[in-house]
Structures are given as structure tokens and as C-alpha cells.
Amino acid sequence: MASPPATTSSNSITRRFDALKKESRRALVCYVTAGHPDVGRSLDTLRALEEGGADIIELGVPFSDPIADGPVIQASSQQALEKGMTYDGVLALIERARPKVPVVLFSYLNPILAAGPDALTRAAEAGASGILVTDIPVGADPAREAWLGASPLAFIRLVAPTTPRERMAEIARHGSGFVYLISRLGVTGVQETTATSLPDSIKRLRSTTTLPICVGFGISTPEQARAVGQLADGVVVGSALVKAAGQGPEDVLKLTRSLREALDG
Amino acid sequence: MPTETIHRFGVFGGRYVPETLIPALDELDAAFDQAIRDPEFQRELDRLLKEYVGRPSPLSTAPRLSELVGCDVYLKREDLNHTGAHKINSALGQALLAQRMGKRRIIAETGAGQHGVATATVCARFGLDCTVYMGEEDMRRQELNVYRMRLMGAKVVPVLSGTRTLKDATSEAIRDWVTNVNDSYYIIGSVVGPAPYPRMVRDFQSVIGREAKAQMLETAGRAPSSVVACVGGGSNAMGIFHAFVPDRGVELVGVEAAGRGLDTGEHSASLQRGVPGVLHGSLSYLLQDENGQVHPAHSISAGLDYPGVGPEHSYLKETGRALYVSVTDDEAVEGLVILSRLEGIIPALETSHAVAWVVKEKERWNKGDAVLICISGRGDKDLAQITEMGLLPA
């Protein structure tokens, strides 16, 4: 292979969005926690996501103190840690699953820092395409942001409903792959309704960046996915899939398929 | 946009939080800086510190303790504040700030319950809505404080996740804040959290050291040779240290909780046994395993039972300006008994760590030394717990 891993792997996310765009389809981004409920079933979960039609898999690196997460993902993280999941365990899981769709690591900063200076190259070698860090907002730590930005992985940044327009532009400029738009105030978790402010947030964000926009937090049902899919380039479903993963791969497959159909329909 | 240096102490501190909170932290930063430069705000704060908290808190001589340790010991009596601890200094300042910012709903976390009580108190005083997150384990250990908070109209929410102590209560309070950021103000109880909290809480607590410095000159005619305070998150310590930091001749000592012993893995000595890491919004010394997972802390005192520590303490440690030491659970209980017997002052278990260290290290003191201990809180809240544990002498 002539090209360095940098281009290959971050491009796999871009390529996926390009392909979807040609077909006028929306990306289905699926979050699950690595090692939940255990390593074996986590592997089955990843296969079910792929078979069900996920475009991108967000794989959660479990952390003991997940301040941005609601009860479902908190519990799944705790369970994964109790079963011994580690950063290298997450990479081994990706290597074993070898999904054909891009995998984005979804993590808090501390486990990545503890994994050492080569943590990101190791992740790329294991087959990850991107990384998203919940607790390193733009400008918080220029040295570590540069490290994350220069790695072979696409560095996906988050935009919140509270983010002013000028800052949206700055965030988009410092990210790659896609922009993750948090749909509402609060932590991750299933929600009955989606925020009324969403169309406006997407519009403002769209005016600042050409990166694809994926919307997450609180999206759990096919109906919600369809509604959000009409506004954004992709939707992220997390807690609902984590719940399903706790039940078993059949539940994951069923939910992923129904989300896929809703998005494509 | 504020520069990085104002958010950090050396490399420590920062703002490692979800994006949602960034505009709120910017707003808080600006509001705080504007408030402390506003003479009107300062006057109102000083007035309430005097008429409601009972400041200045006295500086007591401690003749019998001095005799035991072989040098002059002075006690800065934060235990005599309204609500019985130093926590109200910052809770009051932040409640005034919240009102100035037009926020009527207050969130807080609490470990021992002292910060929760202080917050519930100021919320009652100003008619603010108050929600306090408290680990279920701590609610059991500090039942009296739960009653006090509820009596003053606060909602106390038990936290069932993780270790069910201060660490998880803090996480839960942050989650509430992320969800209700537009109308809520988060009153953090210590010099921890994302910028500007560590600096802001320190500034509100620095009244302790400012008073103590003047009182030492008045009472002892000199500066203290050492200033000793217990460190969990580290707010009473930063409060009493701050005025003395530029005085190089004054030794600053922070006493951490060694729990069952530093080598047992069951302690809260982040500065002595931790490594730098990110928890609750800032980079600081942290008890963690090799995978970057936070290691549960242990201390007999709920207020010190925290795996992290304020970033400015990490900075004072790195620069060598302050010395960090520790005493065990058993030694702390001894400290509580000694101060009670010798001076008729029952200190909180947290505070007892500082007392115990001064006693334990009596060989180190010379006759001409003047040791100033921050008596950060009173021990009434701890008596049920240590009686139940059979630790009080018959």
C-alpha cells in the first residue's frame, strides 16, 4: 500500500458520506459500548449492526466517570469495565470484528491519555477510522487537540445547542470526518421528543461548514430517526441500541434494520 | 476569548467538559470577573459574611495542644462559622453571583454534607430553588446533614451510581447542569471542576487566609512558620494558603487522607499516590489505574473521600511551594479526640487529619515555631459515625 494509514482511514468516513450523498441517503451512525454486556456478545453486536445496515459504528471506550452520559450508557460502561474491558481490549475487539463500515472510537480523554502517546496510531492500525472525545472542546487543550488532529484518525468534534455561530465555525475548522451535533441540552439517553430548536441549529451549523452533519443524543425510534434524517446528513442512535445489546444481537439487528428502513424510506 | 493561562495553574486545570457547558463557563468567567471588581458586590459579600456567617472567625491560641507538640499552635476557627464549616464562604459568594446572573435554580454536590448544608442555607436565605446530589453511602454516613438540608427546603437526591460517594455525586451534578444549563447555577463545593471554578472558589475562600494573616500579627506578633490544612478537593487549604503563597518563609502543608494506609490502595492521597489525569473538568493529580479508570478513594471522612484534588494544589506540589503529607483513618480519629480533650474543640473528621499530623510530627517542631492549623469544620456531624464504629474512648 502506497498511501499512509492517515489518508486511508480518515477517508473511509468521507468515502462513506460521498457514497451516501450520491444515493441521496442518510448515514445511520450506531453507538454501542465496547465489551458490553461482555466481549463475546459485543462482537455479535458489532456484526448485527453491520448486517442491519449501520453506515458508521461508534464504539464506546468505557470510562469509570462518564459525565456526558445518561443512565443506560453509564450502566453499560460500568458493566464492560467489570468484565475487564480496556483501551487495548477495544482495539482487539475491532481487529476481531473487522467491520466493513468505518469505526469511530467514542471516548473520554483520560483513558486515551493513559493509553500512551501511540494510542491513536495503534487504533488506526487496529482498523479504527475516527475518534470522538466528549470532554475536549475546541480550545481546551491546544497541545492535545493537535495530537488528536494530526493522528491517522478523523477527529470528530461536537457542537452543542448552546454553541454560538462563530464558535460553530471554529469547531468545524478543527474537526474532520463529520460534525456531531448534539440535539438537545443534557446527557445521552432515550427521549420522547426531539428538540424544537434542532432545525435552527442545523441551519446555523450548515452555514459554517461543508462537513457532513450527524445529529445525536435522544434519538431512539425509527420515527425520530426519519424526522431528523430529513434535516441532517446522518443520525446517531446510542442508548436505544445499548439497551438492545443488553438483550442480545437479535434485538440489535431488529432495531438497526428498522432504523435503516425508516431512514431510507 | 480568554487565554489559556487564565484557565490553568501551570499545566493543571483547564476545561475538560462537554461542549454544551462551554458558553456557560464563559458567561460565568465574565460574570465572576465583573463581580469581584464591582465594589457594590464586594460590599454586599462582606456585609453578609459579617452579619450572616459571623466573620471574621476567631484565631484561637491552643495552650494545651501547644504544650503537647512543643511549639505555639494557633487555630483558625472556621468551625465557628454559621453551618459549622468553611464551606459557607464560597456557597455565599456563589449564591450572590448566581443571583447577579439571574439564575434562580441552584445545583450542588456534597460529600460530608457540609457543602450541601451551606448551599441549602444560602438558598433558603435568598429564596433560591436548591437541588443537592449526595452519594447514597454518604447519606448514610452523614444522616444529620441530610435532615438539615431537607429542613431548609433543599431537595437531596441520592446518587446510586459508581462508588455512591462524592465522586459520583459530582458527576451527577454536572449531568444536571448540562441538562439545565440555561436556568441553573452549579455551586461547586471545592477548588475543583473546570475553569473558572478552582480560581473562583479559592478567591471566595481566601478570606480565611487574609484574616488569619492579620490575626497572627495581632495575636502572636509574627507570621506563622507553618500553615497546615486538610486536603480532599482542597478548598479550606487553598483558602488559608492563598494569602501566604507569596511569603516564602511560611511553610504550607496539606494533609491528605491516608485511609487504611498509603500502601493498602484504600486512601484518598491523590497528590502523593496519584498521577495527573482528567476528572470532572480539570487536569490534576488523580487516583487512577493503568488504564485511566478512576480508582475509588477511601477515607473515614466523607469530605476527603475523593480521588481527585484541586489543580492549584497539583501546581503547588509540582513547584515545591507546598508540602503534601497524610495521616490514616485511625490517626485522624486520634486527632479528633486530642483536640476535644485538650482544647474543648471537637473538630470534623476532615479537620482532624490536619490536627493529627501536627501531633504526629511533634519531633519536627522547635520551640520558636508558630503552627497555624485551619480548623475547617466542627465534628458534631461525625459523632454518630465514630460512635457506631466503636472508635470513641469510653
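Residues numbered from 1 in each chain as written. Chains lettered and ligands numbered in written order. Predicted model: local features only at pLDDT ≥ 70, side-chain atom pairs only at ≥ 80, totals over all residues. Heavy atoms only, no water.

Undergrad: Break down the overall build of chain B for me, citing the residues and quoting the values.
TA: Across its full length, chain B holds 16 helices and 14 strands. Against the globule reference of 21 Å for 394 residues, chain B gives a C-alpha radius of gyration of 19 Å, in line with a compact fold. The dimensions of chain B, computed from C-alpha atoms along their principal axes, are 55 × 45 × 40 Å. Contacts in chain B between residues far apart in sequence, at least 24 positions, make up 74% of those at least 6 positions apart. Accessible area of chain B: about 13,500 Å², with a carbon and sulfur share of 51%. Looking at chain B, you have 41 positive and 50 negative side-chain charges, and the mean spots of the two groups are 4 Å apart. (Helix = DSSP H or I, 4+ residues; strand = E, 2+ residues; numbered from the N terminus. Rg over C-alpha atoms; globule rule 2.2 N^0.38 Å. Contact = heavy atoms within 4.5 Å. Areas by Shrake-Rupley, 256 points an atom, 1.4 Å probe, with all protein chains shown as cover. Lys, Arg positive; Asp, Glu negative; His and termini not counted. Charge placed at Lys NZ, Arg CZ, Asp CG, Glu CD.)

Undergrad: Can you break down the interface of chain B and chain A residue by residue, with the values?
TA: Counting residues at the interface gives 35 residues for chain B, matched by 40 residues for chain A. The junction of chain B with chain A conceals about 2,800 Å² of combined surface from both sides, 53% of it contributed by carbon and sulfur atoms. Linking chain B to chain A there are two salt bridges. B:E19 is the partner of A:R167 in a salt bridge, and the nearest nitrogen-oxygen pair spans 2.8 Å. Viewed at the interface, chain A and chain B are joined by 15 residue pairs in polar contact (both at pLDDT 80 or more). Sorting the residues of the side of chain B that touches chain A by element identifies β2 (12–16), α1 (22–36), α8 (166–179), β11 (275–279) and β12 (281–286) of chain B as the ones contributing at least two each. Ranked by residue count, the leading element in the side of chain B that touches chain A is α8(B), at eight residues. (Buried area = accessible area lost by both parts, 1.4 Å probe. Salt bridge = Lys/Arg side-chain N within 4 Å of Asp/Glu carboxyl O. Polar contact = N/O pair within 3.5 Å; in protein donor to acceptor, adjacent residues only side chain to side chain.)

Undergrad: Tell me about the sheet that holds strand β7 (residues 213–216) of chain A, and please be specific about residues and values.
TA: Residue and element names in this part refer to chain A. The eight strands lie next to each other as β1-β2-β3-β4-β5-β6-β7-β8, forming a closed barrel whose pairing is parallel. For this sheet, the mean inter-axis angle between neighbouring strands, taken without regard to orientation, is 25°. With three bridges connecting them, strand β4 (residues 130–133) and strand β5 (residues 154–159) associate as parallel partners. Looking across to β5, one finds that L132 is bridged to I156. (Pairing = 2+ DSSP bridges. Axes fitted to C-alpha atoms, helices over the stretch in contact; angles between N-to-C directions.)

Undergrad: I'd like a description of helix α2 (residues 39–53) of chain B, backed by residues and values.
TA: Residue and element names in this part refer to chain B. Spanning 15 residues, α2 covers 20 Å between terminal C-alpha atoms, matching the ideal 21 Å at 1.5 Å per step. For α2, the full list of buried residues reads F41, L45, L48, L49 and V53. Buried residues in α2, looked at end-on, bunch into an arc of 105°, giving them a common side. Residues of α2 that are exposed and angled more than 90 degrees away from the buried face: P39, R43, K50 and E51. N-cap assignment for α2: the residue whose side-chain oxygen lies 2.9 Å from the backbone N of E40 is D38. (Expected span 1.5 Å × (residues − 1). Buried < 20%, exposed > 50% of the residue type's maximum accessible area, 1.4 Å probe, protein only. Arc of directions from axis to C-beta.)

Undergrad: If you had to explain the pairing of strand β1 (residues 27–33) of chain A to someone new, which residues and values would you point to?
TA: Residues and elements named next belong to chain A. Counting buried positions along β1 yields seven of seven residues, so the element is predominantly enclosed. Side chains A27, V29, Y31 and T33 project from β1 onto one buried face, and the interleaved L28, C30 and V32 project onto a second face that is buried too. When β1 meets strand β8 (residues 234–237), the two strands line up parallel, connected through four bridges. By the bridge assignment for β8, V29 is matched with V236. Pairing of β1 with strand β2 (residues 56–60), which is carried by five bridges, proceeds in the parallel orientation. The partner of T33 across the bridge, within β2, is G60. What joins β1 to β2 is helix α2 (residues 39–52), and the crossover it makes is right-handed. (Right-handed = clockwise from strand over helix to strand, strands pointing away.)

Undergrad: Can you tell me about the nonpolar core, naming the residues and giving the values?
TA: In this structure, A:L105 and B:F241 are the most contacted members of the largest nonpolar core, which totals 98 residues. The element contributing the most residues to this core is helix α4 (residues 87–97) of chain A, with six residues. If you look at the next biggest cluster of nonpolar residues, it comprises 64 residues, including B:L49, B:L97, B:V122 and B:V178. (Core = buried A, V, L, I, M, F, W, Y, C linked by side-chain atoms within 4.5 Å.)

Undergrad: Lay out unusual backbone geometry with the relevant residues and their values.
TA: Of note, the amide linkage connecting A:H36 to A:P37 takes the cis form, showing an omega dihedral of -5°. Considering the arrangement of structural elements, one finds A:P37 in the loop between β1 and α2. For the peptide bond that leads from B:A195 to B:P196, omega is 10°, which places it in the cis range. With respect to the element layout, B:P196 can be found in the loop between β8 (184–187) and α9 (197–205).

Undergrad: Tell me what's going on with the packing of aromatic side chains, and back it up with residues and numbers.
TA: Residues and elements named next belong to chain B. Inspection of the entire model under this criterion finds eleven aromatic pairs over all chains. With a centroid separation of 5.5 Å and an interplanar angle of 70°, the aromatic rings of F32 and F204 are classed as edge-to-face. With F32 in helix α1 and F204 in helix α9, the pair connects residues that are 172 residues apart, well separated along the chain. Classification of F32 by relative accessible area gives buried; the value is 0%. Ring plane angle 85° and centroid distance 5.8 Å describe the contact between W357 and W365, whose orientation is recorded as edge-to-face. Grouped by ring-pair contacts, the aromatic residues F32, F41 and F204 constitute a single cluster. The positively charged end of K317 is found above the aromatic ring belonging to Y285, 5.3 Å away from the centroid. (Phe/Tyr/Trp six-rings, centres within 6.5 Å; stacked < 30°, edge-to-face > 60°. Lys NZ or Arg CZ within 6 Å of the ring centre and 35° of its normal.)

Undergrad: So what's going on with the sheet that holds strand β3 (residues 59–61) of chain B? Which residues, and what values?
TA: All names here are of chain B. Spatially, β3-β4-β14-β9-β10-β13 is the arrangement adopted by the six strands of the open sheet, whose pairing is mixed. Either end of the sheet is taken by a strand with one partner, and the two such strands are β3 and β13 (322–328). The average angle at which neighbouring strand axes cross in this sheet is 25°, direction not considered. Note: β3 against strand β4 (residues 72–77), three bridges, orientation antiparallel. Its bridge partner being in β4, S60 is matched across the sheet by L75. Lying on the sheet, helix α10 (residues 207–219) is in contact with β3, β4 and β14 (370–375); it crosses β4 at an angle near 140°. Packing of helix α14 (residues 329–343) onto the sheet brings it into contact with β3, β4, β10 (251–259), β13 and β14, and relative to β13 it is tilted by some 95°.

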